[in-house]
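For reference, the chains in residue letters:
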Amino acid sequence: MASVAITRRNHLLSSLLRCRTLYSRRTITTGRPTFAASISTSPADTDTLGSRTKILETFREEFEIGSRIITLETGKIARFANGAVVLGMDDTNVLSTVCSAKGDGVRDFLPLTTVDYQEKQFAQGVIPGTYMRREGAPKERELLCGRLIDRPIRPLFPAGFYHEVQVMASVLSSDGKQDPDVMAANATSAALMLSDIPWDGPIGMIRVGRIDGHLVVNPSMDELKLSDLNLVYACTRDKTMMIDVQAHEISEKDLEAAFRFAHPEAVKFIEPQLKLAAKAGKQKKEYTLSLVSDRTMDKIRNLTEKPIEAIFTDPSYGKFERGEALDKIGQDVKGILEEEGDEESLKGLSKTVDTVRKQVVRRRIINEGFRLDGRCLDEVRPLYCEAGNLPGLHGSALFSRGDTQVLCTVTLGAPGDAQRLDSIVGPPTKRFMLHYSFPPYCINEVGKRTGLNRREVGHGTLAEKALLAVLPRELDFPYTVRINSEVMGSDGSTSMATVCGGSMALMDAGIPLKDHVAGLSVGLVTEVDPSTGNVDQYRILTDILGLEDHLGDMDFKIAGTRNGITAIQLDIKPAGIPLDIICESLEPAYKGRLRILERMEQEINSARTQDGRNSPRLVTLKYSNDDLRRLIGPLGALKTKIEEETGARMSVSDGTLTIVAKNQSVMEKVQEKVDLIIGRAIEVGGVYKGIVTSIKEYGAFVEFNGGQHGLLHVSELSHEPVSRISDVISVGQQLSLMCIGQDLRGNIKLSLKATLPQKTKKSDMVDGSLNVLKPKPDSYTPEQEEQNSAVKDLQDDKDTSTKSNPSYSSMAPIVIRSAVECDEEEKSAGLGSNLKPKRALKPKSSQKLKTLKTQSGSESGSTASKKARIAKPYLLTEKRNYGDNDTSSDEDKNEVKVEHKNAVLDYLKDQECEVKGPMDAKKLKLGMKVTAKILQVRARGLVLDLGGGINGMYKFESDGGKEEFEVGNEVHVQCTSFTSKGIPVMSIIQDD
């Protein structure tokens, strides 16, 4: 067995050596121009190996445009393609290849259906984030870039060339500084010049921006962010081929200057392509052209010209009536040709009839200036506008221009609903989207709805560019906005109708646009000299019909506001149009746009208020990241559950929670659920929903605001006296409570009665500490109203000062230890917690008391009658506020202060009583007179022993008051108020 294994091993080694000898005789090329490396085992094989060596010959052109070096290279890669060029700028390289089908297909159009532009993620060093980790179907940007390449090259193919042509552009590498779309178009032009496909190029395409009023050639992506113009311009040496514009309300004059600036810059791409084609280009191949013979053309013209002209001169025909009449003419001619057996004419019948229609329409417009529907050249079709036609949606509008009708709807979403863009350049997300839909029924046809359509994507993007310039900033309006445009009827320029309908729908949704945006399409009919190719005559048409678009030479879509243009898209059919004619078309487009804007403004001219039942709501809340993690839950389960239960959308970012709800009721439900989970900042006066967790004799404990606890005291349950707490609330009950403050230990105090309406007449209690005499209705005076408002101002001052305390914004869970402490806290709150003590009257024998002046009655009345008319006084502890507009003198103000002090003393005189038995806290009331002993003499007042272990205080009115008192002396005092801590404030009774 061992010998067999050794023999097999030797046999394998000998086989490997023979294979190595065979492979060593092959030529290995490095790919560099005019260089080939070969490995040979014997000199005798040198001639044989040299004959099999193929040198990779590379051709290269280098030039500069807009301070950037650009290279065109061919011959190194994709050598089997009919034409292949790599265009490089900085570290961005784009490969474009062209191929043509070999067979001669029978068609009547150019099937340039596969202009494929592709951005693979390897170009920026990224692995795709899809499940399969590879690129999928073409994205919107790839479809748009494909259209950008297709539009300028299609008109340059010769008439009758209907062979299938495929263009494929791929981004090989990208540094993110340059947009590869313009580079791909120039590379495609160079590849067509190198191929054997007949094509009347080359073209040059350039991008131009404007920063601070200065035009910039080949702006970078960072420069485009600062630019108010994004112009893509394609042309031949002397004619314009394609224009695409996105701008921020740029004027027609400035735009014309940009066109004329871009043309010579784009021409700079043409000469390097011609040089490269001279070095490496192929001989153009002879292709069979599908052309109609002169005999067939004359025969069919004689049969159809008169009936077609009769139809086109009758403006009463609508779109479908006109189409049916033209089809009938074609069927009649077909019957005649079948009877004659003319197979040649039958093959080109449809194309020939279409050519005759085109000649009849163009000749009538050029010679007579009349259009198919009888309008003048610069006349806009009848308009119809309706905003808010679907009240159940966030925003909606219906716009009609002639037979073209578009329904636009607006949907608002959260910032997290923004579209994510997987592009190698540009922003990562898009918060404004416009989706254009062209269903088959809008032209009375049967068709199949498929995925992304190039035409729908292109029209929707054009309308999106037009409206983007007037949207508010994201900081001012953080919603994600989606417009859906449904074409209800098509007879020309549905994309511009989408702009008009979308602008009205945005305002109907309450979005504060800068201004309305409107758009229309301008057409062109020319008469060209066959010998020179120059345009002899032309007519510019405003607001073209679908048939005028089909039979004309230009579709120039222009959208903007009253202040300027926001978007442009130019498509042409002939091999170029002079730039002067294009610039001349801007003026009639502006006049037509103003007519449309006037009609739109009559329907809706400002954003609607978002107070309707279907108006969406958005709120942004600030939380800590720990709180947001609690809200999201494991794997986002808790957040998803809230969204499913309420129908709202929540998006979470660093320290921010954004909620978007369909209406206000949904928003309240979401906020309630969020508050129960993580709570919100506590404010005095804020209303919170909580659940009763336990009931004590003195009140109830409530859990609220995401797990925090507060005390609902029995005195805060109702405006009426409550004997049993369980009669009002129960454990587990959900309540809406108001935060009324914080006790000395930082515990939160809650109130139920503050959220309930007052059932009884308003009492004369001032925070539960005073119950003054209620005046009779007939004795109510203006002074009384002033004093009542002063008490209210005192309470407002207290609330304001409490809210300013930063400790209220974030509180720990609260535990109150005993009922005694709760009773002490409630007693403190009830006995003047809102009152700030002032100095009492200084005991001077010379001071005379004055009574309050009244505005009604005689000033010489008796003392009793004055007391009857006296208004409810404000307390001595209350600060009297004088506004800035108060013109009273200082003496008047001092007199008012003294009058109110005397009024309080008069009231206390009526309430005075003597202490019977030992003094305690329950016996001490307002107005009570006691004999007190001076315990301490301080700089600003006295500390008094009232008996029974109760201490009181007396404040001096001046700094020199302490000289009149000594420790141990007895003074006769009267209780006037209590401090926020429950300490009695006394006043010294003057002996007569």
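Residues numbered from 1 in each chain as written. Predicted model: local features only at pLDDT ≥ 70, side-chain atom pairs only at ≥ 80, totals over all residues. Heavy atoms only, no water.

## Remarks on the overall build of the chain
Secondary structure summary: the chain contains 23 helices and 36 strands in total. The buried share of the chain, reckoned over its 992 residues, is 47%. Once local pairs closer than 6 in sequence are excluded, the contacts in the chain between residues at least 24 apart make up 69%. (Helix = DSSP H or I, 4+ residues; strand = E, 2+ residues; numbered from the N terminus. Buried < 20%, exposed > 50% of the residue type's maximum accessible area, 1.4 Å probe, protein only. Contact = heavy atoms within 4.5 Å.)

## Digging into unusual backbone geometry
The omega angle of the peptide bond from G201 to P202 is 5°, so this bond is cis rather than trans. Along the chain, P202 turns up in the loop between α4 (180–194) and β9 (204–211). With a phi angle near 55°, D212 is a residue other than glycine that sits in the positive phi range. Here D212 lies in the loop between β9 and β10 (214–217). Residue classification places D212 among the exposed residues on the basis of a relative accessible area of 72%. Its identity is not glycine, yet D543 carries a phi of approximately 60°, on the positive side. Relative to the helices and strands, D543 is located in the loop between β21 (535–542) and α14 (546–551).

## With respect to the nonpolar core
Counting 130 residues, the largest nonpolar core has L231, L506, I511 and I568 as the members making the most contacts within it. In contact with L506, not counting residues within four places along its chain, are V410, F432, L467, L471, V481, I483, I511 and L513. Counting 23 residues, the second largest nonpolar core, distinct from the first, contains I300, V360, I366 and L372. (Core = buried A, V, L, I, M, F, W, Y, C linked by side-chain atoms within 4.5 Å.)

## Looking at the pattern of salt bridges
Considering all chains together, one arrives at 48 salt bridges under this definition. Between D298 and R301 there is a salt bridge whose closest N-O contact spans 3.0 Å. Taken together, the residues D298 and R301, both in helix α8 (residues 294–312) and three residues apart, mark about one turn of the helix. For D298, a relative accessible area of 40% gives the class partly exposed. The partner of E645 in a salt bridge is K673, and the shortest N-O contact between them spans 3.2 Å. Taken as a pair, E645 in helix α18 (residues 637–646) and K673 in helix α19 (residues 664–677) lie far apart in primary sequence, 28 residues in all. (Salt bridge = Lys/Arg side-chain N within 4 Å of Asp/Glu carboxyl O.)

## Observations regarding the sheet that holds strand β18 (residues 432–437)
Strand order in this open sheet of five strands is β13-β14-β15-β19-β18, and the pairing throughout is mixed. The strands lining the two open edges of the sheet, one partner per strand, are β13 (383–387) and β18. Averaged over all adjacent pairs, the angle separating strand axes in this sheet is 15°, with direction ignored. Here β18 pairs with strand β19 (residues 480–489) via six bridges, running parallel. (Pairing = 2+ DSSP bridges. Axes fitted to C-alpha atoms, helices over the stretch in contact; angles between N-to-C directions.)

## Focus on α19
An α-helical segment advances 3.6 residues per turn. Residues three or four places apart therefore align on the same side. Between its first and last C-alpha, α19 extends 20 Å over 14 residues, near the 20 Å set by a 1.5 Å rise per residue. Burial in α19 covers these residues: V666, M667, V670, V674 and D675. In this structure, the buried residues of α19 make contact with β24 (617–622), α17 (625–632), α18, β25 (649–653) and β26 (656–661). G679 sits one or two positions beyond α19 and adopts a positive phi of about 70°. (Expected span 1.5 Å × (residues − 1).)

## So, empty space enclosed by the protein
Inspection of the entire model under this criterion finds four cavities of 30 Å³ or more. Of the volumes computed, that of the largest cavity is approximately 90 Å³. Around the largest cavity, the lining residues are L87, M89, Q178, D179, V182, M183, N186, R207, N218, P219 and F269. Mapped onto the lining of the largest cavity, the elements with two or more residues apiece are β5 (83–89) and α4. Looking at which element gives the most residues to the lining of the largest cavity, the answer is α4, with three residues. Considered class by class, the residues forming the lining of the largest cavity number six nonpolar, three polar and two charged. (1 Å grid on protein atoms, 1.4 Å probe; cavity = no way out; pocket = protein on both sides within 12 Å on 5 of 7 lines; lining within 4 Å. Points joined across faces, edges and corners; volume = space filled by probe spheres on them. Nonpolar A, V, L, I, M, F, W, Y, C, P; charged D, E, K, R; others polar.)

## Focus on the environment of V182
Within the element layout of this structure, V182 appears in helix α4. C-alpha separation for the pair V182 and I149, spaced 33 residues apart in sequence, amounts to 8.1 Å. Residues within four places of V182 in sequence aside, it is in contact with M205, I206, R207 and V232.

## Digging into the environment of L924
Tracing the sequence through the fold places L924 in the loop between α23 (890–911) and β32 (929–937). Here the alpha-carbon distance between L924 and P984, two residues 60 residues apart in the chain, equals 8.7 Å.

## What to know about helix α11 (residues 349–368)
Here α11 spans 28 Å end to end across 20 residues, near enough to the 28 Å set by a 1.5 Å rise per residue. Three or more residues of α11 are buried, namely L349, T352, V353, V356, R357, V360, V361, R362, R364, I365 and I366. Residues of α11 that are buried sit in contact with α8, α9 (319–340), α10 (343–347), β20 (518–528), β21 and α14. G369, located one to two residues past α11, shows a positive phi value of around 75°.

## Regarding the sheet that holds strand β30 (residues 734–742)
In spatial order, the strands read β27-β28-β29-β31-β30; together these five strands close into a barrel with mixed pairing. Averaged over neighbouring strand pairs, the angle between their axes works out to 55° when direction is ignored. Taken together, the five bridges between strand β27 (residues 687–695) and β30 define a ladder with antiparallel strand orientation. The partner of V687 across the bridge, within β30, is M738.

## Comments concerning the side chain of S585
Among the structural elements, S585 can be located in the loop between α15 (579–584) and α16 (586–603). By relative accessible area, which is 0% here, S585 ends up buried.

## Focus: the packing of helix α12 (residues 454–468) against helix α13 (residues 494–508)
Direction vectors running N to C along α12 and α13 enclose 45°, while the axes themselves pass 9 Å from each other. The orientation of α12 relative to α13 falls into the category oblique. Of the two possible hands of crossing, α12 and α13 adopt the one that is right-handed. Contacts between α12 and α13 involve R455, H459, L462, A463, A466 and L467 on the former and, on the latter, T494, S495, M496, T498, V499, G502, S503 and L506. Residues belonging to the contact of α12 with α13 are distributed by class as follows: seven nonpolar, six polar and one charged. (Parallel < 35°, antiparallel > 145°, perpendicular 65-115°, else oblique. Left-handed = near helix turned anticlockwise from the far one by under 90°.)

## A short note on the environment of L638
With respect to the element layout, L638 can be found in helix α18. Its relative accessible area of 29% is what places L638 among the partly exposed residues. The spacing of L638 and I677 is 39 residues in sequence and 9.8 Å in space, taken between C-alpha atoms. What L638 contacts, discounting residues up to four positions off in sequence, is R630, L631, I632, G633 and I677.

## Remarks on the pairing of β32
In the sheet, β32 pairs with strand β35 (residues 970–978) via five bridges, with the strands oriented antiparallel. For K933, the partnering residue across the bridge sits in β35 and is E970. One ladder, built from four bridges, connects β32 with strand β33 (residues 941–947); its direction is antiparallel. Each residue of the ladder has a partner; that of K933, found in β33, is D945. In this antiparallel pair of consecutive strands, β32 and β33, the connection spans three residues.

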